[in-house]
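# Summary of the model geometry
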Amino acid sequence: MNVFLAQQADRIELPAIDYAAILPMLIILGAACIGVLFEAFLPKHQRWPGQVVLTLLAIAAAGVALGAYVGGSPAEGTTTLSGTLSIDRPALFLWGTLLALALGAVLLIADRSIEPGGAFVAQAGIAPGTVQDRAQVGSTGMQTEVFPLALFALGGMMAFCSANDLLTMFIALEVLSLPLYLMCGLARRRRLLSQEAAVKYFLLGAFASAFFLYGLALLYGYAGSVKLADIANATAGTDRSDTLLFAGLGLLMVGLLFKGSVGPFHTWTPDVYQGAPTPVTAFMAACTKVAAFGGMLRVLTVAFESTSWEWRGVLWGVAIVSMLIGAVLGLTQTDVKRMIAYSSIAHAGFLLIGTMALTEDGLSGTLFYLLAYGFTTLAAFGVISLVRDSTGEATHLSAWAGLAKRSPLLAAVFTFLLLALAGIPLTSGFVGKFVVFSAALSDGMAPLVVIALVFSAVAAFFYLRVVVLMYFSEPAADGPTVSVPGAFTTAAITLGVAVTLLLGVLPAFALDWAGAGGFAIS
Amino acid sequence: MLTAIAAHFVLAAVLPLIARRWGRGAFVVGAVAPALTLVLAVSHADDALAARHPTETLAWAPGIGLEFTARFDELALLMILLVSGIGALVLCYYACYAKPGDRAVGRDSALLVLFAGSMLGLVLADDVISLYIFWELTTVCSFLLVGGDGLTKKLRKSATQALLVTSLGGLSMLLGLILLASASGTTRISEILADPPGGGVVPIAVVLILLGAFTKSAQVPFHPWLPGAMVAPTPVSAYLHAAAMVKAGVYLVARFAPAFSDLPAWWVPIVVLGLWTMVLGGFRALRQHDLKTLLAYGTISQLGFLMVLVGAGTWITALADVTLVLAHGLFKSALFLTVGIIDKRTGTRDIRELSGLGSRWPVLTAFATLAVLSMAGVPPLLGFVGKEAAIEGLLTGDPKDLALLAGVMLGSVFTVAYSLRFLVGAFGTRPTVAPTKAPPSGVAMTTMVGIPAVASLVLAFAPWIVEPVLAGYADTYPLPAPDYHLALWHGLTLPLLISAVIIAAGYAMYRASLAPKLAGWIPERMSAQNGYRAAVMGLDRGALSITGRLQAGSLPTYLGIILVTMVVLPGAGLLAGGPLSPTELRAWDSWMQLPLAVLVLAAAGTVVLARRRLTAVLLTGVVGYGIGALFIVDGGADLALAQFLVESLTLVVFVFVIRRFPPRFVDARPYFRRARWVKAGIAAVAGTFVAVLAVLYSGSRDGLPEASRFYIENAESATGASNVVNAIIVDFRAFDTIGEIAVLAVAATGAASLILARARQRPPSLAALDETDGTDETDGERTEVKR
């Protein structure tokens, strides 16, 4: 609107842009564009090194820019690009989390030592099962577009976390989703499964986006604006019909919950986690969850805080369903990747509890949980990518029997990660659950916390089952081998394990960062 | 104190390395930590007794109030005597018990020392979070020690059951502790106890805490894990499942009892389940042939007894309780270690196969007899002293206490009977069985049995050694201390008479071998083990069936779930929002709308029935053109034009794609099946819902938005255009239009190049086609948004 009014003046004034604040995002998106140019102009053999260097440099540079900005940033945050982006403390924390997680994920993506040529197919366009497809099995090239795609998705996620109006949020949602749909279909092995996953993700994701858009339209009808702060103002004055508000919020949340793989909008999660190449799964599981819950936190806190009594009951139900589905269905899984997928659904339920709290503790607790969960999951998928047999990754649980006898180190690392996911003390998972649950408890959600504790006990059961399987069973005669990880994967797993341990033993500093300030409301 | 705990953990970390070098000597090295702790604790006993209660705190995450706090008081001192004293003994014993060159030495020694450290932390912890952490650490150690190398199914099952039951209890305890802490505003246990909170949440909290204590101390109905855990090596059982870990539940109850002993939610479950456990455990012990399982049921029975005494909540019962905690730790560890010797030297623990050991091993027999007599409550042993105090404490004349006394007497009769069964079974001579051949019992191992057995005797004659500690705990109850002292001889009193009756009845029961005759008395369905099995299996089955229903891998199912939730969630919001402001609903504006609407609906309905792909695409096209025609009826010719354009473009792209597919859909099954009706129903409901929303939405707009008003007012004057839409597209939002055109051009170029590339280049690429579809769809959405 400001733009239209400004047109009446003689000159069109550009809105002020705080370049220092959005520099990290600009670096990522800019590097993504350069990556596309690399694809077009570099000879084939130079693309992989070029892309890897570019991507890692971009993430590092964005991290440096972020660090430089955080020091002098205003405590209450700032909005820029005529109020479409809000760069406040939670957004900065989420950006940092996203960048660090993406660094790990990109390292996994870039690894070419475990699978000759990497986990990605050389030419995605060839139909699986054809003569050409069989011919390309032997090739060691990979589709290097995956790097710019990852950067685009990352840029979208960063915008999503800091979007201050719903339209920007929708565009960021599409920017982060479309590359992910593509990346899911690029697996080198089991290509049909991978392509099926991509199609399912795309179709269901398109529906979710449509819901989001529809909800956005209803909310615009209600508030006359798509800005979160304006919606908040509109909900404060109560002479309007609440029907539009709640129908709109409901549809909007469907879209957001879908991205966060919260049950019952989780249906895509197991299939996609299983079908996608493991590094991409790691990227999705860690970063998408951070972005989705970051967005949800902002929407609920900034725009809908005053109506929380009305919608909280519904979200209670959603959180319970999510934990139920994640914990109970996880019990029957026989595939490691699917199991982690269900665990992510259960964790989404736990996260939702913190998201609902809408207090300072709830915000910082959820942010901490996201950081902790992201690194643990990232490292877990890194470990999964190492256990292989002749057909690729051996993800069936029976193949993991007795793994501790064959590779004690790997089994120990994976056990540690599973314990962190289960929330055993001295891991980051425990601290995360503790802060989220205590925030919920002090916000009067004791029954929900009781239910959450019960489900975390059920979920712990299936993590422990894997531990028992690895340590207390005889290894199968033709079981999988454990690949010696290359430098990239080792770095990624080490990063994840170190952070999981560090946040478990010394969580104070990260909690301080997470609790440094609230959302900028303007 | 914190240093001592840390020393255990550090030692546990290096023990595997030591074991690699020195073999089973590692156990002796491991024993150093608990032994030093014991010395340290005893030498600082004055601090605990003089009510100075030194406290140490280590900040962990001060921001969220997480810290480790250790507090040294009477109860902690008593537990350290057991935990560290028995711990050191058992570790030394294990050094002889383990086979030379056993590979499990490093693991077991490290875990035992880790366990000793965790147990030490547990009894010292003064804040609820550290308490919980150490609590779960002991659970995990127990799991790993019971599971061993996990080679047999029995090992794995027992270990898992112990873990599941106790960790479930642990979680409930955590919740109870947190509720209690939030009710009283502090996480310090000593502060909670000093000023116990009241209110509605406290009964819930204490019941949750009790659940943790009951699972850990193997009370009915959670008891089956303890006999199952007897598959562990005997020293482990002696330490974890007799002396230390199972006492954690009793310790927890004893810790909180001074504050809550008046609360019915606290004492009723304790005494009911405690008595039940005491009687049932004693009864089951009479039917066992395996010495170790016999002792395990004996332990269950004794733990029930200890619970009852805490629940009774008087000064003397509290004193009796802690006395018996000490006595039980001493005699039960001695007996377990005895069983270990028997098992190791003879290769069996079955009392039907043992005979004549009493004459072969007189010294060991003497020690074991002391321990058994202490267990049976026969003078002059510590068990008798404790039981005397217990009976004295229950003889208050209160009907509740009398009922408890009756139950305790019955349980004690069973205890005497199974004690005799153990003693005679292990060391007696059976005429029908050939004397068991066995090498000497071994000086070192026999000494380890002797130390706790003789201590039971010595402490009975000199209870003043430990009485300050025990009475110090009883003093923490908010009750006046009566003039009662622990002693072997109080004169000819009623308790003495009752003790005599119990012993006589127990002997008679043993002689009459009554229990085996009653063996089939407990119906199988009542068995708690079946309950556990049914719960675990039920969870597994339930999960499987839900997975089968929900996660079928079918896209329509997934979409159906999302659609249903979509209808339910905002639908609920719609209803919650109350009635809409009434808006004027008209059936139609122009009669032309009616046939067009029917056409669109008919096309949408038939498209799902189409068998040929091309038909389906054309019918979809009809829907789009119909919408376009509706635009014309409303006078939006330009919009209609855009719609027709997009529709035609989509159709062309579709045709290019469909060229590559077989002409018909693969699914040739009949149209009207049950599954289809469900899908059709969901689709219809979702579609109707969206349509209703659209009507409501457009009906409840209040006037034109600011932007629209601005455009309409200024269109003519600022741009000279009489058509507002034209003014917006080419003037007000010209930059947007340029962007839109650019996007369209890029998309079109992309689509064209894909199609042309396919013509030039084999192989055809399917993924590329997917991409084309995606681009097109977003374009469509974009147009809609702009509208």
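Since the structure is predicted, the reported quantities are computational estimates derived from the model, not experimental observations. (Residues numbered from 1 in each chain as written. Chains lettered and ligands numbered in written order. Predicted model: local features only at pLDDT ≥ 70, side-chain atom pairs only at ≥ 80, totals over all residues. Heavy atoms only, no water.)

## Comments concerning the overall build of chain B
Note the cut-off: Here a strand is any run of E in DSSP of at least two residues, a helix any run of H or I of at least four, and the numbering for each starts at the N terminus. The globule rule used for comparison is 2.2 Å times the number of residues to the exponent 0.38, while the radius of gyration itself is calculated over C-alpha atoms. The cut-offs for exposure are 20% and 50% of the maximum accessible area for each residue type, with area from a 1.4 Å probe on protein chains only; residues under the lower value are buried, those over the upper are exposed, and the others partly exposed. Here, residues are in contact when the closest pair of their heavy atoms is within 4.5 Å. We get accessible surface area from the Shrake-Rupley algorithm with a probe of 1.4 Å; when it comes to residues, only the shown protein chains can shield them.
For chain B, the count of helices and strands is 33 helices and two strands. Taken over the C-alpha trace, chain B has a radius of gyration of 39 Å; the compact-globule value for 787 residues is 28 Å, which it surpasses by more than 25%. Scored against the burial criterion, the 787 residues of chain B give a buried share of 50%. Of all intrachain contacts in chain B linking residues separated by at least 6 positions in sequence, the fraction that spans at least 24 positions is 78%. Accessible surface, chain B: about 34700 Å² in total, of which carbon and sulfur atoms supply 68%.

## Topic: the pattern of salt bridges
Residue and element names in this part refer to chain A. Note the threshold: For this analysis, a salt bridge means a side-chain nitrogen from Lys or Arg found within 4 Å of a carboxyl oxygen belonging to Asp or Glu.
On inspection of all chains with the given rule, the structure shows 19 salt bridges over all chains. One salt bridge in this structure joins E115 and R189, with 2.9 Å as the shortest N-O distance. With E115 in the loop between α4 (89-110) and α5 (131-137) and R189 in the loop between α7 (166-184) and α8 (191-223), the pair connects residues that are 74 residues apart, well separated along the chain. In this structure, the salt-bridge partner of E393 is K337, at a minimum N-O distance of 3.9 Å.

## Description of the UniProt feature "domain: MrpA C-terminal/MbhD" (unreviewed entry) in chain B
Rules: UniProt positions are given in the numbering used here, feature names are shortened, and annotations may be inferred rather than shown by experiment.
In the numbering adopted here, UniProt assigns the feature "domain: MrpA C-terminal/MbhD" (unreviewed entry) to residues 598-662 of chain B. Across residues 598-662 of chain B one finds 82% helix and 0% strand; the C-alpha atoms that close the span lie 31 Å apart.

## Thoughts on helix α14 (residues 336-357) of chain A
Residue and element names in this part refer to chain A. Applied cut-off: An expected span of 1.5 Å times one less than the residue number is assigned to each helix. Whenever two N or O atoms come within 3.5 Å, that pair is a polar contact, provided that in protein one can donate a hydrogen and the other can accept it, and provided that, for residues adjacent in sequence, both atoms are side-chain atoms.
Over its 22 residues, α14 runs 32 Å from end to end, which matches the ideal 32 Å to within 8%, given 1.5 Å per residue. With 22 of 22 residues buried, α14 is to be regarded as a mostly interior element. Structurally, the start of α14 carries an N-cap: the backbone nitrogen of K337 is 2.9 Å from a side-chain oxygen of D335.

## Brief notes about the environment of B:P233
With respect to the helices and strands, the residue B:P233 is situated in the loop between α10 (225-228) and α11 (234-243). The spatial distance from the C-alpha of B:P233 to the C-alpha of B:V146 is 7.7 Å, given a sequence separation of 87 residues.

## What to know about the side chain of A:T355
Residue and element names in this part refer to chain A. Tracing the backbone shows T355 in helix α14. Looking at T355, its side chain comes within polar contact range of the main-chain oxygen of L351, at 2.7 Å. Ignoring any residue separated from it by four or fewer positions in sequence, one finds T355 in contact with F293, M296, L297, L300 and T366.

## Description of the nonpolar core
Threshold: By convention a nonpolar core is built from buried Ala, Val, Leu, Ile, Met, Phe, Trp, Tyr and Cys residues, the set being connected through side-chain atoms within 4.5 Å.
Core analysis: the largest hydrophobic core is formed by 414 residues, its most contacted members being A:L166, A:F304, A:F414, B:L124 and B:Y239. Broken down by element, the residue count for this core peaks at 19 residues, all from helix α15 (residues 315-346) of chain B. Leave out the neighbours within four places in its chain, and A:F304 touches A:L219, A:I231, A:L245, A:L249, A:L252, A:V299 and A:W311. Counting residues in hydrophobic clusters, the runner-up holds seven residues, among them B:A707, B:Y711, B:A721 and B:F732.

## Details of the side chain of B:K332
Residue and element names in this part refer to chain B. Keep this limit in mind: Two residue types count as positive, namely Lys and Arg, and two as negative, namely Asp and Glu; His and chain ends fall outside the count.
Tracing the backbone through its elements, the reader meets K332 in helix α15. D290 provides the closest opposite charge to the buried, unpaired K332, separated from it by 14 Å. Ignoring any residue separated from it by four or fewer positions in sequence, one finds K332 in contact with A242, L295, G298, T299, Q302 and M375.

## A few points about the packing of aromatic side chains
Note on aromatic pairs: each is described by the distance of the centres and the angle between the planes. Residues and elements named next belong to chain A. For the record, the criterion: Between rings of Phe, Tyr and Trp, where Trp is taken as its six-membered ring, a pair exists when centres lie within 6.5 Å; planes separated by under 30 degrees are stacked, by over 60 edge-to-face, and by other angles tilted.
Going through the model one piece at a time under the given rule, you end up with 28 aromatic pairs over all chains. Measuring from ring centre to ring centre gives 6.4 Å for W268 and Y273, while their planes differ by 75°; the resulting arrangement is edge-to-face. Just as W268 is buried, Y273 falls in that class too. Seen from their ring centres, Y273 and F381 are 6.1 Å apart, and the 80° between their planes marks the pair as edge-to-face. Of this pair, Y273 sits in helix α11 (residues 268-275) while F381 sits in helix α15 (residues 360-384), placing them 108 residues apart in sequence.

## Some words on the interface of chain A and chain B
Think of interface size as the accessible area that goes away when the parts come together; that is how it is often given. Put simply, the test is: Three classes are used, and their members are as follows: Ala, Val, Leu, Ile, Met, Phe, Trp, Tyr, Cys and Pro are nonpolar, Asp, Glu, Lys and Arg are charged, and the others, Gly among them, are polar.
Chain A puts 78 residues into the contact, and the matching count from chain B is 71 residues. Counting across the chain A and chain B interface gives zero salt bridges. At the surface where chain A touches chain B, the tally comes to two residue pairs in polar contact (both at pLDDT 80 or more). Sorting elements by how many residues they give to the side of chain A that touches chain B places α8(A) first, with 15 residues. Here the side of chain A that touches chain B is built from residues that sort into 57 nonpolar, 13 polar and eight charged.

## A word on the sheet that holds strand β4 (residues 392-393) of chain A
Just so we agree on the cut-off: At least two bridges found by DSSP between two strands is the condition for calling them paired.
Strand order across the open sheet formed by three strands is β4-β3-β5 (chain A), with antiparallel pairing between neighbours. Both edges of this open sheet fall to β4 and β5 (481-482) of chain A, since each of them pairs with a single strand only.

## Considering the state of the cysteines
We count it as follows: What counts as a disulfide here is a pair of cysteine sulfur atoms lying within 2.5 Å.
One pass over the structure, following the stated rule, counts zero disulfides over all chains. Unpaired in terms of disulfides, A:C33 finds its nearest cysteine sulfur in A:C287, a separation of 19 Å. Residue class for A:C33 comes out partly exposed when judged on its relative accessible area of 41%. B:C141 takes part in no disulfide bond, and the closest cysteine sulfur to it belongs to B:C92, at a distance of 19 Å.

## Comments concerning empty space enclosed by the protein
All names here are of chain A. Selection criterion: Only protein atoms enter the 1 Å grid used here, on which a cavity is any set of points holding a 1.4 Å probe that cannot leave and a pocket is any open set flanked by protein within 12 Å on both sides along at least five of seven lines; residues with an atom within 4 Å of a point are listed as lining. Grid points are joined across faces, edges and corners, and a volume is the space filled by probe spheres set on the points.
Within the structure shown, the criterion is met by seven cavities of 30 Å³ or more. In this structure, the second largest cavity encloses a volume near 60 Å³. Around the second largest cavity, the lining residues are H347, Y369, A372, Y373, T376, A420, L421, S428, G429 and G432. Of all elements in the fold, only α15, α17 (408-422) and α18 (428-442) reach the threshold of two or more residues within the lining of the second largest cavity.

## Some remarks on the confidence of the model for chain B
Residues and elements named next belong to chain B. Rule in force here: Confidence scores per residue from the predictor, reported as pLDDT, run from 0 to 100.
When pLDDT is averaged along chain B, the result is 84; 91% of the residues meet or exceed 70. Every residue in residues 764-787 scores below 50 in pLDDT, and together they form 39 contacts with partners more than four places removed in sequence or on other chains. Taken together, the chains of this predicted complex give a pTM of 0.79 and an interface ipTM of 0.73.

## Examining α4(A)
Over its 22 residues, α4(A) runs 31 Å from end to end, which matches the ideal 32 Å to within 8%, given 1.5 Å per residue. For α4(A), the tally of buried residues reaches 19 of 22 residues, placing the bulk of the element in the interior.

## A word on unusual backbone geometry
Put simply, B:V220 and B:P221 share a cis peptide bond, and its omega is 0°. Within the secondary structure, B:P221 sits in the loop between α9 (201-216) and α10. One non-glycine residue, A:L81, lies in positive phi territory at about 55°. Residue class for A:L81 comes out partly exposed when judged on its relative accessible area of 27%. One non-glycine residue, A:R190, adopts positive backbone phi at about 45°. Within the secondary structure, A:R190 sits in the loop between α7 and α8. Overall, A:R190 belongs to the partly exposed group, its relative accessible area being 41%.

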